[in-house]
Every structure is written in structure tokens, then in C-alpha cells.
Amino acid sequence: MTLPRACIIGAGSSGIAAAKALHERGLAFDCFEKSDRVGGNWVFGNKNGMSAAYRDLFINTSRQRMSYSDFPMPESYPDFPHHTHIAAYFDDYVDHFGLREKITFNTGVEHAARRADGAWEVTLDDGQRREYDALLVANGHHWKPRWPEPPFPGADTFAGQQLHAHSYVDNSIFEGRRAVILGMGNSAMDIAVESSYVAERTYLAGRSGVWILPKYVFGKPVDQMRNDPRVPFAVRQRLIQAVIRSYAGPPERYGLPKPQHRFGQAHPTISGRILDRIQHGTITPKPNIESLQEASVRFVDGSAVEADVVVYCTGYQIAFPFFDEDFISAPDNHIELFRRVFHPQIANVFFIGLLQPLGAIMPIAEAQGAWVGDYLAGDYRLPDAARVRADIAADQAAMRKRYVASKRHTIQVDFDDYLYALAKERAAGAERARRNGFKPPVECLLSVDTAAS
Ligand SMILES: Cc1cc2nc3c(=O)[nH]c(=O)nc-3n(C[C@H](O)[C@H](O)[C@H](O)COP(=O)(O)OP(=O)(O)OC[C@H]3O[C@@H](n4cnc5c(N)ncnc54)[C@H](O)[C@@H]3O)c2cc1C
Ligand SMILES: NC(=O)c1ccc[n+]([C@@H]2O[C@H](COP(=O)([O-])OP(=O)(O)OC[C@H]3O[C@@H](n4cnc5c(N)ncnc54)[C@H](OP(=O)(O)O)[C@@H]3O)[C@@H](O)[C@H]2O)c1
């Protein structure tokens with residue numbers, strides 16, 4: 001039997017999970033990684049220039065949630081390890097499963113184009129060209145900064161330093177300075193806390209209120225609270241809302257903007273320290289920035305403060321620099337995919353880890369990789385095109401209904417619900433494949449004999 005040959009772009013935590021899945025199914029593949037190591041975002045100072053990790057970054061999803069299903073993080077790790085632990089874990093993963101030699105390091109994919117016959121032509125950054133039957137995209141979605149658009153009035157006249165959270169390294173930039181941190185997401189809260197220990201003043205500015213989750217509730221990491229996908233979301237929402245209220249009360253009690261939504265309708269911010277630092281008087285909440293002057297920042301409530309540094313923690317853009325823009329792109333972070341993986345018009349391109357879970361990405365990327373592996377091996381068959389389109393439309397409608405409209409909320413999923421639904425879909429597709437005689441769905445234009453690969 002012949003099986004398709006695949007290319008995987010990226011060996012971050014998503015790419016290596018996909019590589020393992022293909023490897024285990026005996027599918028031939030190349031995995032190209034720009035950097036000299038695996039781990040992507042989790043490699044502080046990564047030579048690919050794409051990591052957003054700062055010196056004191058700790059995960060905000062617990063290690064139990066973040067671990068791949070068959071490779072738990074060591075018991076010796078704390079519940080919320082440092083980025084060095086996480087990067088080491090991904091290194092151990094590829095070595096444990098014998099994947100390292102399957103990855104071509106220091107090699108970026110410059111361009112990927114689909115030929116008229118459906119095969120992929122991949123051009124590498126050393127000029128080499130390769131051909132594949134299938135393409136798995138695992139290039140990450142937290143490396144291209146989203147700056148305020150348009151910039152705040154006066155931003156070009158501000159004499160101090162302005163940077164995006166992506167290039168934040170450590171709090172030495174705040175020493176003895178007055179810092180304005182913009183945003184209400186996890187980057188903003190982490191960086192404001194770091195600033196608060198060394199800056200002369202730290203202001204945390206935001207336009208939308210958020211519900212802030214502590215790292216622990218009932219003595220356990222917050223993401224290990226029971227969360228049964230069979231229980232209606234509204235019931236779970238009420239429970240967690242009650243937990244937050246009992247722990248901290250409403251955010252406006254701390255001078256933070258009042259959330260205009262209920263818990264679960266925006267990406268959550270997790271911080272065990274922000275409320276303490278505000279209540280110690282070391283961080284002053286502010287509403288959104290209105291404008292910048294040479295040495296000060298004015299806020300929309302009319303107040304102004306002197307400032308030396310502004311950090312824009314304003315999120316990220318999804319980008320695929322190796323595709324022609326008019327072929328596959330994600331304008332305003334929108335990209336319509338079947339269950340966040342399959343392209344509705346292109347049968348042989350797949351996206352791994354391209355989602356924003358309430359929970360960790362890694363076990364989801366692992367399940368997605370296995371799903372694509374099943375598909376390429378002929379063990380899973382998609383529903384017909386009309387059902388795929390209807391499923392995507394329903395998914396988009398549900399996201400619009402549930403989430404605050406924002407470029408932040410275009411690829412949201414609930415961890416347990418997504419995995420539960422994916423397992424059901426894989427089983428249904430396995431049955432369709434059985435009825436279809438387990439024929440590989442991707443034409444093997446460049447196929448290899450599995451016995452020989
Ligand atoms: C500050 C910060 C903290 C975070 N904390 C958490 C957390 O606690 N828990 C959690 O689950 N998620 C967290 N995330 C989300 C983060 O995206 C994931 O943890 C994880 O990094 C996703 O892995 P990935 O492989 O999809 O992407 P990445 O880690 O970005 O890896 C992508 C890889 O693809 C490679 N690549 C890209 N383009 C090319 C190309 N053209 N050719 C070859 N190689 C290429 C890159 O070099 C990189 O190695 C955090 C994000 C940020 C910014
Ligand atoms: N410790 C950790 O593990 C950790 C640390 C940092 C980040 N992360 C993860 O990294 C990812 C990115 O997080 P992030 O915090 O960098 O980005 P984010 O979640 O997208 O948050 C962006 C924030 O900036 C605000 N914003 C955007 N544009 C703005 C503008 N023009 N003016 C004013 N405010 C604006 C947004 O407000 P609106 O809601 O109004 O758009 C939001 O509060 C998330 O998955 C996060 O969980 C994890």
C-alpha cells in the first residue's frame with residue numbers, strides 16, 4: 001500500500017506532536033524547523049527570533065494539563081514550571097520518541113505552493129525545492145506582534161521607550177522608571193507584576209475588563225477543576241463565576257475595568273499576583289490610553305501621568321508568510337477550518353495548534369496530529385463537503401454568540417469540549433473510512449511505499 005508523503009512546518013510543541021503521530025503510523029515526512037532546537041515559543045532567546053518568552057516566564061496552564069497524554073512532565077516539576085523546564089520537556093519528548101533525526105533544523109520553509117495536480121512545492125530558505133502530497137502547518141500564532149492600529153495619537157512624539165510584549169526580556173528596563181503597561185491579557189498582567197518590583201511607578205491600562213483567575217482554587221491548579229463537557233456550558237460558567245467572586249470579588253473593586261461579559265466569554269487572564277500588587281499600591285490601574293505626549297501618557301478618563309516606557313501587550317496576529325496572501329491567509333485573525341484543522345477547499349493541508357484554548361495547546365495538538373495521521377493513512381474519512389461547510393458555519397456562529405467580538409476571539413476552543421468532540425468525530429470518521437474500504441483520501445502523487453520508508 002502506498003501512503004502520502006508529508007511536510008511539517010515547524011518543530012514547536014505542535015509540530016513535534018504531529019511528527020510523532022505520523023512517525024507512529026509509518027507515514028513518511030520531513031519536518032523543517034527554522035531554529036536549531038525544538039520548542040518554539042518556549043525557547044527563551046530562540047535564535048529564530050520568534051519566541052515571546054521572557055526571562056521569568058512561567059506557564060499559566062498547569063503541567064498536568066500541558067503534558068502530552070503519553071509523556072507526563074516529571075513529578076519533580078512544580079505545578080506551573082519555568083520556561084526552561086518546559087523547553088527541556090519538549091527536548092526530552094523528541095528524544096524519547098526518536099523524533100530528533102526526523103527534524104531538519106536551521107531550515108525554514110520560505111514558500112509553499114500547491115500545484116495544479118494538488119502536490120505541494122515547498123521552497124526552503126537555502127533555495128532547495130521539495131515536493132509533498134500533504135502539508136501540516138505548525139508555525140505557531142504568538143510570534144507576530146499586533147500593535148495598536150492605528151497608533152495612539154502622539155505615539156511618534158513620545159520621547160521614552162515603546163515596545164511590544166513580544167520583545168520584552170526582563171524587568172531591568174523598568175528600573176527606576178515610570179512604566180505604562182497596556183492590555184488586560186496574560187502578558188500585560190505578568191509584565192505589570194514584574195515591573196512593579198523595580199519601577200518607580202507602574203500603571204496598568206486597559207480598555208476591556210477581564211475576569212482574573214487565580215492559579216489555585218480549592219488547593220489545586222485552577223485548570224484541574226472538574227469540567228465535564230457533558231454538563232451544559234452555562235452551568236459550568238455559573239460555577240466558575242461564583243468561585244472567582246468568592247476569591248476576589250469583582251475586578252472593579254481593585255480599580256480595574258468592569259468586565260462587560262460573563263466568565264468564559266473572553267480569553268481568561270490567570271494571575272496569582274496581580275491583585276496583591278495592586279492592593280500593595282505598586283500597580284495603579286488606568287483606563288485605555290487616549291494619547292501620548294513627549295514625556296507623558298493621557299488616558300481616556302482625562303488623567304495623565306509622566307512616563308518613560310510604554311509596553312503594548314496588545315496581542316498577536318496569525319500569519320503564514322510561506323503562503324501567497326491570496327491563497328491562504330488569516331485577515332484579522334479569521335481563518336475558517338473544519339474543527340480548526342482541515343481546510344474546507346484543500347484536501348491536503350492541515351493546521352496543528354492553531355487555536356486558543358481555555359486550557360493548554362499541547363494535548364490538543366497531539367490529538368490533532370493523530371487525527372491527521374488517521375486521515376492520511378485512510379483510517380478516517382471526512383464528512384461530505386456540505387456537512388463540513390455546515391459544521392464550520394455552526395462553529396463560527398457559536399463563537400460569535402459566545403465571545404466578545406474581538407480579534408482575540410477568532411480561534412477559541414474549550415479544552416475538554418474540543419477533545420471530547422474530536423474523539424467523537426474521529427470515531428464517526430473511522431466508521432465512514434471502514435465503509436469506504438480504508439482508501440487514503442489524499443492522492444499519492446509522490447507516494448512512497450510504506451515498506452521502503
Ligand atoms: C508569553 C506566552 C506564554 C504562553 N503560555 C502558555 C501556557 O502557559 N500554556 C499554553 O498552553 N500555551 C501558552 N502560550 C501559547 C503558545 O502559543 C503555546 O504554548 C505553544 O508555544 C504553541 O506551540 P506551537 O508549536 O504551535 O508554536 P510555537 O511554539 O510558536 O512554535 C512554532 C515553531 O515553528 C517554527 N517555524 C515557524 N515558521 C517556520 C517556517 N516558515 N519554517 C520552519 N519553521 C518554522 C518556529 O521556529 C517554531 O519553532 C503562551 C504564549 C505566549 C506568547
Ligand atoms: N504566563 C503565561 O503563561 C502567559 C503570559 C503571557 C501570555 N500568555 C498567553 O499568550 C497569548 C497572548 O496573550 P497576550 O496577553 O499577549 O495577548 P491577548 O490575550 O490577545 O490580549 C491583548 C490585550 O490587549 C488589548 N488590546 C488589544 N489592542 C488594543 C488597543 N488598540 N488598545 C487597547 N487595548 C488593546 C486587548 O483588549 P481587548 O480584549 O479589548 O481586545 C487585550 O486586553 C495568550 O494565549 C496568553 O494566554 C501566557
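Above this text sits the structure in question.
Conventions adopted
- In this numbering scheme, every chain counts its residues from 1 along its sequence in written order.
- Here every chain gets a letter starting at A, and every ligand a number starting at 1, in the order they are written.
- The predicted nature of this model means local features are confined to residues of pLDDT at least 70 and side-chain atom pairs, given and counted, to a pLDDT of 80 or more, with totals for whole chains, interfaces and linings taken over all residues.
- Only hydrogens and water are removed before side-chain values are computed, so all heavy atoms of the structure are retained for them.
- Strand pairing is defined by DSSP finding a minimum of two bridges between the two strands.
- We count a stretch as a helix when DSSP gives it H or I for four or more residues in a row; a strand needs E for two or more, and each element gets its number in order from the N terminus.
- Helix axes are fitted to C-alpha atoms over the stretch in contact, other axes to C-alpha atoms as well, and angles between N-to-C directions run from 0 to 180 degrees.
- For this description, a residue counts as near a given molecule or strand if any of its non-hydrogen atoms is within 4 Å of it.
- Identification of polar contacts relies on pairs of N or O atoms within 3.5 Å, with a donor-acceptor requirement for protein atoms, meaning one able to donate a hydrogen and the other able to accept it, and with residues adjacent in sequence counted only if both atoms are side-chain atoms.
- Shrake-Rupley sampling with a 1.4 Å probe provides the accessible areas, and residues are treated as covered by the protein chains on show and by no other component.
- Throughout, the ten residues Ala, Val, Leu, Ile, Met, Phe, Trp, Tyr, Cys and Pro are labelled nonpolar, Asp, Glu, Lys and Arg are labelled charged, and all others, Gly among them, are labelled polar.
- Should any heavy atoms of two residues lie within 4.5 Å, those residues are counted as being in contact.

Chemist: Explain the sheet that holds strand β7 (residues 129-132) to me, using residue names and the numbers behind them.
Modeler: A sheet is described by the order of its strands in space; here 3 strands give the open sequence β5-β6-β7, paired in antiparallel fashion. Each of the sheet's edge strands pairs with one partner strand only, and the pair in question is β5 (109-114) and β7. Recorded for the sheet is a direction-independent mean angle of 20° between the axes of neighbouring strands. As paired elements, strand β6 (residues 120-124) and β7 share 4 bridges and run antiparallel to each other. For E121, the partnering residue across the bridge sits in β7 and is E131.

Chemist: Tell me about the site of ligand 2, residues and numbers included.
Modeler: In the vicinity of ligand 2 lie 26 residues, with M184, S187, R207, S208 and Q356 positioned nearest. One of the backbone nitrogen or oxygen atoms of F58 is found 3.0 Å away from a nitrogen atom of ligand 2. Take Q356: an N or O atom from its side chain is 2.7 Å from an oxygen atom of ligand 2. For ligand 2, the protein covers 87% of the area, taking 920 Å² as the surface of the free molecule. For the shell around ligand 2, the element with the most residues is helix α4 (residues 186-196), which contributes 3 residues. Across the shell around ligand 2, the residue classes break down as 10 nonpolar, 13 polar and 3 charged.

Chemist: How would you sum up the sheet that holds strand β11 (residues 178-182)? Please name residues and give values.
Modeler: Spatial strand order, β10-β21-β11-β12-β17: 5 strands in an open sheet with parallel pairing. Single-partner strands in this sheet number two, and they are β10 (161-164) and β17 (284-286). Neighbour to neighbour, the strand axes of the sheet diverge by 20° on average, direction disregarded. Where strand β12 (residues 201-205) meets β17, 3 bridges bridge the pair, whose relative direction is parallel. Bridged to A205 within β17 is K286. Against the sheet, α4 engages β11, β12 and β21 (309-312), with an angle of about 165° to β12.

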